[in-house]
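Tertiary structure, described
Residue-level listing of the chains:
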Amino acid sequence: MKVVAYDRYGSPVQLKLEEMETPAPKGDELLVRIHATSVNAADWHLLRADPFLVRLSEGFSKPKRRILGMDIAGEVVDAGPEATKFKIGDRVIADLFKYGYGGLAEYKCCSEEAFALAPSNMSYEEAACLPLAGNTALRAVRNKAAVKPGQRILIHGSGGGVGTYMVQVAKIFGAHVTALCGPGNVEQSRALGADEVVDYTQRDILDGTVQFDTIFAVNGSRKLSEYSHAMTDQGLYLMVGGSNSQIFQALLYGAFYSRRGGKKFTHLAASTTVEDLETLVKLAEEGKLKTVLDKQFTLSETAEAIRYLETGHAKGKVVVLPQA
Ligand SMILES: NC(=O)c1ccc[n+]([C@@H]2O[C@H](COP(=O)([O-])OP(=O)(O)OC[C@H]3O[C@@H](n4cnc5c(N)ncnc54)[C@H](OP(=O)(O)O)[C@@H]3O)[C@@H](O)[C@H]2O)c1
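Computed from a predicted model, the values in this text were never measured in an experiment. (Residues numbered from 1 in each chain as written. Predicted model: local features only at pLDDT ≥ 70, side-chain atom pairs only at ≥ 80, totals over all residues. Heavy atoms only, no water.)

1. Concerning the domain arrangement of the protein
Examined at the domain level, the protein breaks down into domain 1 (2-129 + 291-321) and domain 2 (132-267). The distance between the C-alpha centroids of domain 1 and domain 2 comes to 28 Å. Taken together, the contact pairs 17 residues of domain 1 with 15 residues of domain 2. With both sides pooled, the region where domain 1 packs onto domain 2 buries about 1,100 Å², and carbon together with sulfur makes up 54% of that total. The interface formed by domain 1 and domain 2 contains 0 salt bridges. Seen at the junction of domain 1 and domain 2, the total is 5 residue pairs in polar contact (both at pLDDT 80 or more). Considering only residue class, the side of domain 1 that touches domain 2 consists of 6 nonpolar, 5 polar and 6 charged. (Domains from an automatic or database assignment. Contact = heavy atoms within 4.5 Å. Buried area = accessible area lost by both parts, 1.4 Å probe. Salt bridge = Lys/Arg side-chain N within 4 Å of Asp/Glu carboxyl O. Polar contact = N/O pair within 3.5 Å; in protein donor to acceptor, adjacent residues only side chain to side chain. Nonpolar A, V, L, I, M, F, W, Y, C, P; charged D, E, K, R; others polar.)

So this is what it looks like as structure tokens:
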């Protein structure tokens, strides 16, 4: 099978197309022919070992896992003797974060516990985007913020992979959604159902004139004190992603800020379960959740896909097609 692998941390130039033996499924494993894989910020963070602490889990001098790619959608083509949940030909999705990654390849072989049936109304391209980004949005809105109907929320960074799902998930939970994005994503956020869309080049939404019950910093770029200014007295700030300094600020000072009053500052560390995947699939099949597809690349163009994602201005999700 063809895979895109890397042996040294660094820029996308490290990603090389190579041939590898296609694994045979053992025990409860499935062999899945990958029709689409979506790339995530996690892929370039691991590729670059950025932040440096990545090396503690991924290998200090070189990466232990050579094939990146967290999200896949594909077709079951073989199964181990103890695999019982799926049949050959089933369309499935998975978040491979807990299964050694490996989505940037023509096939993935791992435990059937990783998989859920793909939404029947989504293409492989659309379905491959759901697991990691969709689950991050779901975990943030439902679990961590426990958003209630009528609450005013701000999504800072509504235009990328996580943001496009989060606008929709927050509407499902009944929130009044203000989406904050650049000029290229205003129409998209509106079309996804945001009640108000603010272009950050036109207006400073954190000027204190509007108070939010929850602020989701999906691509946070402002200081905690600036977010605090735009929160209700019992408001919640949830750091999902952003620059390294943004992330460390939330981790280091979040608790300190939280003690100063009713406001709470915390962060999200999302991990996907099959139950989460099934919830996302159900929402998609009910027509409540859709994928916003941006660019698509072939496996040999993976470096280009990662470079594009790294510009930080994707319009929805970026997909790689291993079978193309
Ligand atoms: N905590 C967790 O468990 C978890 C899980 C998954 C992902 N993450 C993190 O979440 C973050 C977002 O992931 P993603 O998949 O959505 O990334 P992405 O698809 O690369 O997001 C890019 C988006 O960021 C927006 N953006 C860039 N600068 C901005 C700014 N100053 N203000 C507002 N928006 C800005 C861009 O929109 P515009 O062009 O409109 O600016 C673009 O649409 C990443 O940092 C990722 O590492 C965290």
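2. Some points on the packing of helix α4 (residues 130-144) against helix α5 (residues 161-172)
Packing of α4 against α5 leaves a shortest axis separation of 8 Å and a crossing angle of 45 degrees. Between α4 and α5, the angle falls in the class oblique. The interaxial crossing formed by α4 with α5 has right-handed handedness. Residues Leu130, Ala133, Gly134, Thr136, Ala137, Leu138, Ala140 and Val141 of α4 form the contact with α5, whose own contacting residues are Gly161, Val162, Tyr165, Met166, Val169 and Ala170. (Axes fitted to C-alpha atoms, helices over the stretch in contact; angles between N-to-C directions. Helix = DSSP H or I, 4+ residues; strand = E, 2+ residues; numbered from the N terminus. Parallel < 35°, antiparallel > 145°, perpendicular 65-115°, else oblique. Left-handed = near helix turned anticlockwise from the far one by under 90°.)

3. Side note on the site of the ligand
Around the ligand, the surrounding shell holds 27 residues, and the nearest of these are Gly182, Tyr200, Leu268, His313 and Ala314. Here a nitrogen atom of the ligand and a side-chain polar atom of histidine 156 are 2.9 Å apart. In isolation the ligand has 930 Å² of accessible area, and contact with the protein removes 85% of it. Looking at the shell around the ligand, the elements with two or more residues in it are α1 (41-48), α4 and α5. Tallied by class, the residues present in the shell around the ligand amount to 12 nonpolar, 15 polar and no charged. Two domains share the shell around the ligand, each providing at least three of its residues, namely domain 1 (2-129 + 291-321) and domain 2 (132-267). (Near = heavy atom within 4 Å. Areas by Shrake-Rupley, 256 points an atom, 1.4 Å probe, with all protein chains shown as cover.)

4. Comments concerning the pattern of salt bridges
Overall, the coordinates contain 18 salt bridges when judged by the stated rule. Between arginine 152 and glutamate 196 there is a salt bridge, and its shortest N-O distance comes to 3.8 Å. With arginine 152 in strand β8 (residues 152-156) and glutamate 196 in strand β10 (residues 196-199), the pair connects residues that are 44 residues apart, well separated along the chain. For arginine 152, a relative accessible area of 29% gives the class partly exposed. The exposure class of glutamate 196 is partly exposed, given its relative accessible area of 25%. We note a salt bridge from glutamate 187 to arginine 190, for which the minimum N-O separation is 2.9 Å. Of this pair, glutamate 187 and arginine 190 are both found in helix α6 (residues 186-191), 3 residues apart, which corresponds to roughly one turn of the helix. When its relative accessible area of 43% is taken as the criterion, arginine 190 is described as partly exposed. When salt bridges with common partners are traced through the structure, they connect Asp7, Glu18 and Arg66 into a single cluster. (Buried < 20%, exposed > 50% of the residue type's maximum accessible area, 1.4 Å probe, protein only.)

5. Considering a nonpolar patch on the surface
The grouping of Phe52, Leu53, Leu56, Phe60, Phe248, Leu251, Leu252, Tyr253 and Phe256 at the surface amounts to a nonpolar patch, some 990 Å² of accessible area in total. Considering each element in turn, the nonpolar patch owes the most residues, 5 residues, to helix α8 (residues 244-259). If you trace the backbone, leucine 252 turns up in helix α8. (Patch = residues over 30% accessible without salt bridge, like charges linked within 9 Å, V, L, I, M, F, W, Y side chains within 5 Å.)

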